[in-house]
Amino acid sequence: QVQLVESGGGSVQAGGSLRLSCAASGRTATTYDMGWFRQAPGKERELVAAINWSGAFTYYADSVKGRFAISRDNAKNTVYLQMNSLKPEDTAVYYCAAAKFGGSLQTARYEYWGQGTQVTVSS
């Protein structure tokens, strides 16, 4: 199994930037595809960005494409989500999740989850 811990959330003004981090346990965590999800009150959880085990392939939701960037440092067992040009609509709890590699990033079975970190964007 893999344990995930998110950090880096906070409150920012519209147009600002924030970087989220997800620390994963153990060396075997590098064999997993990783994704960032978000959920706002009253809304469904959505996948906003994902990266495969090697970092060679990424996925972005249309709503964040061009503004967010996902990356990973396997030597540190850490995945990052760089968020630029933030909008109030980005306000949500952001979750890091891990899936065994092999399928598409969008439909992968994300079976390990962190506890989430709050991101609030004000206008």
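Residues numbered from 1 in each chain as written. Predicted model: local features only at pLDDT ≥ 70, side-chain atom pairs only at ≥ 80, totals over all residues. Heavy atoms only, no water.

**Details of the environment of threonine 31**
Item 1. With respect to the helices and strands, the residue threonine 31 is situated in the loop between strand 3 (18-24) and strand 4 (32-39).
Item 2. For threonine 31, a relative accessible area of 38% corresponds to the partly exposed category.
Item 3. Once the C-alpha coordinates of threonine 31 and serine 54 are considered, the two residues, 23 residues apart in sequence, prove to be 7.8 Å apart.
Item 4. Setting aside its immediate chain neighbours within four residues, threonine 31 contacts Trp53 and Phe101. (Helix = DSSP H or I, 4+ residues; strand = E, 2+ residues; numbered from the N terminus. Buried < 20%, exposed > 50% of the residue type's maximum accessible area, 1.4 Å probe, protein only. Contact = heavy atoms within 4.5 Å.)

**Concerning the pattern of salt bridges**
Item 1. Taken as a whole and assessed by the stated rule, the structure comprises four salt bridges.
Item 2. Two residues, glutamate 46 and arginine 38, come together in a salt bridge whose shortest N-O distance is 2.8 Å.
Item 3. Accessibility expressed as a relative area gives 6% for arginine 38, which makes it buried.
Item 4. Between aspartate 90 and arginine 38 there is a salt bridge, with the nearest N and O atoms lying 2.9 Å from each other. Taken as a pair, aspartate 90 in the loop between strand 8 (78-83) and strand 9 (92-100) and arginine 38 in strand 4 lie far apart in primary sequence, 52 residues in all. (Salt bridge = Lys/Arg side-chain N within 4 Å of Asp/Glu carboxyl O.)

**With respect to the packing of aromatic side chains**
Item 1. Within this structure, the stated rule accounts for three aromatic pairs.
Item 2. When the ring of phenylalanine 37 is compared with that of tyrosine 110, the centres are 5.1 Å apart and the planes differ by 80 degrees; the resulting orientation is edge-to-face. In this pair, phenylalanine 37 sits in strand 4 while tyrosine 110 sits in strand 10 (residues 110-113), placing the two residues 73 residues apart along the sequence.
Item 3. When its relative accessible area of 10% is taken as the criterion, phenylalanine 37 is described as buried.
Item 4. Of the residues examined, tyrosine 110 reaches a relative accessible area of 10% and is grouped as buried.
Item 5. Each residue in the set Phe37, Tyr110 and Trp113 is aromatic and connected to the rest through ring pairs, giving one cluster.
Item 6. Lying over the aromatic face of phenylalanine 37, arginine 45 brings its terminal NZ or CZ to 5.9 Å of the ring centre.
Item 7. The ring of tryptophan 113 carries the charged tip of arginine 45 above its face, separated from the ring centre by 4.1 Å. (Phe/Tyr/Trp six-rings, centres within 6.5 Å; stacked < 30°, edge-to-face > 60°. Lys NZ or Arg CZ within 6 Å of the ring centre and 35° of its normal.)

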